[in-house]
Amino acid sequence: MTDVFATDPARPLRDIDLADPVLHAERDLSGLWRRLRADEPVHRQPGRGARPGFWVLTRHADVSAAYRDSERFRSDRGNVLDTLLGGGDSAAGLMLPVMDGARHASLRGQLMKAFSPRVLASVVDSIRRASRQVVEEALDKGRFDFARDVAGQLPLRAICDLLDVPATDRQRLLDMTSSALGAHSEAELRDGSWVSKGEILLYFSRLAAARRDDPREDVISLLTQCRVDGVPLSDEEVILNCYSLILGGDETTRLALVGMVAAFLDHPEQWHAYREGRVGTDSAVEEVLRWTTPTLHAGRTAAVDIALHGQTIRAGDVVTLWNASANRDETAFHAPDHFLLARTPNQHLTFAHGAHFCLGAFLARAEIGAVLRDLRELVGSMEAAGPARRIYSNFLTGIGSLPVAWGPA
Ligand code: HEM
């Protein structure tokens, strides 16, 4: 990818539009993040036309402090740049990632029961079996699209296990989720995404109604039984929280898996080190998470005026916390631009930090670990078999199509 400063090394930072999905898909931003961290750690992205401006935090220390400070950096108007710039999230206050305070803590506490390693043991077993199966099938093919045939088969299956979604509906849900959040071209970016969001909500409204009447041992049933301040969640809250799990856990994990294999292709010495057992799976999983950072940013709204590094963020301003930059911060990581599977410590912010720390982190780690182990045991050689295609989004980043050729171990 071309460096964003390739044609004009002196290009002013304010001219670069961080809200532009094309920038994230088609440009190497490592130089931009370095410059922002060094020269303008609290950067003001000016408004464009009717679109308001927003603040950009890029240092690891500042991003992690803002995540911890959910009193001043609020999520309850939205946590994604586009929705915040568009006037706020319509699910604000109803869906876990876009709630704050006591209500958030209460709902999160109840949902955590369904995300503990003990409760997830059966989902993890099912992930291991599914991973083994899809990796073996891919090896039989020899040449295939890793994004579609391997990564595309696992995360949604895990979330569907959590929600007990019927097997016959799963492929349709996958198609809807990929067009709701990411796009594979500029044209796709313009249409489709709002339609898919509506379809997902409608699908869950039917499933939630069935589970309210006939609860089982799954997360949808748990949501229908949750009480906050003694009051059950409304249908709308149940549906939105299902939607949030699927959008939060499917494409993110897929992008991490695809980015992992792309990184192995670009850094064969790391693949060999892992295959030969010179690096353990746990540290490899963490480095894959840091390297791929599927969620580029999280959005917040300042609750009060906040003074930081000589700037004043005004109450009501939109603030973006860039995980993509924090995870490459030279003050937090040794050799941050190197993919090093043995890296420890590895305090990446891929799952955020503080009150909203990703609820699915254990599940995502289990999925990446399962695929890594299967690659080590089953795959002997891997090479690129065509061009990788990146997705177009200012919120998620990674590869939507990755043709590869594998040989058996
Ligand atoms: C929250 C990233 C996988 C469910 C978050 C947040 C991030 C994140 C950055 C914080 C958002 C914020 O602070 O505004 C990721 C990445 C994943 C992943 C990169 C995969 C590699 C999953 C999975 C699930 C999930 C598998 C569920 C099945 C959630 C939920 C929250 C959340 C429910 C909201 C927690 C809260 O607000 O209290 N995730 N996630 N995520 N994630 Fe994940």
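Reading the values: rules and limits
- Residues numbered from 1 in each chain as written.
- Predicted model: local features only at pLDDT ≥ 70, side-chain atom pairs only at ≥ 80, totals over all residues.
- Heavy atoms only, no water.
- Phe/Tyr/Trp six-rings, centres within 6.5 Å; stacked < 30°, edge-to-face > 60°.
- Helix = DSSP H or I, 4+ residues; strand = E, 2+ residues; numbered from the N terminus.
- Buried < 20%, exposed > 50% of the residue type's maximum accessible area, 1.4 Å probe, protein only.
- Lys NZ or Arg CZ within 6 Å of the ring centre and 35° of its normal.
- Donors = N, O, S within 2.8 Å, 3.2 Å for Na, K, Ca; no water.
- Domains from an automatic or database assignment.
- Contact = heavy atoms within 4.5 Å.
- Buried area = accessible area lost by both parts, 1.4 Å probe.
- Salt bridge = Lys/Arg side-chain N within 4 Å of Asp/Glu carboxyl O.
- Polar contact = N/O pair within 3.5 Å; in protein donor to acceptor, adjacent residues only side chain to side chain.

Per an unreviewed UniProt entry, the protein goes by Cytochrome P450 and derives from Streptomyces kanamyceticus.

What follows is about the packing of aromatic side chains. In this structure the tally under the stated criterion is eight aromatic pairs. Aromatic pair Phe 144 and Trp 406: ring centres 4.8 Å apart, planes at 80°, arrangement edge-to-face. With Phe 144 in strand S6 (residues 143–145) and Trp 406 in strand S16 (residues 403–408), this residue pair connects regions lying 262 residues apart in the sequence. Trp 406 shares its class with Phe 144; the two are buried. Measuring from centroid to centroid gives 5.3 Å for Tyr 203 and Phe 204, while their planes differ by 75°, and the two rings are edge-to-face. Pair check on accessibility: Tyr 203 and Phe 204 agree, each one buried. Ring pairing ties together the aromatic residues Phe 264, Trp 271, Trp 291 and Phe 339, which thus form one cluster. Directly above the ring of Trp 291 sits Arg 328, whose terminal nitrogen or CZ lies 4.0 Å from the centroid.

Let us now look at the coordination of the iron atom of the ligand. Just one protein ligand coordinates the iron atom of the ligand, and it is Cys 358 (SG) at 2.3 Å. Within the secondary structure layout, Cys 358 lies in the loop between helix H16 (323–326) and helix H17 (361–378).

A few words now on the domain arrangement of the protein. Entries for the protein in the domain assignment read domain 1 (1–88 + 296–349) and domain 2 (100–256 + 354–379). Between the C-alpha centres of domain 1 and domain 2 the distance comes to 27 Å. Between domain 1 and domain 2, the contact holds nine residues from the first and seven residues from the second. For the pair domain 1 and domain 2, the two sides together bury roughly 630 Å², of which 58% comes from carbon and sulfur. When the buried area of domain 1 at its contact with domain 2 is split by residue, Val 22, Ser 70 and Ser 75 rank highest and sum to 40% of it. For the interface between domain 1 and domain 2, the tally reads one salt bridge. Among the ionic pairs, Asp 100 bridges to Arg 74, the shortest N-O distance being 3.6 Å. Joining domain 1 to domain 2, the criterion identifies three residue pairs in polar contact (both at pLDDT 80 or more).

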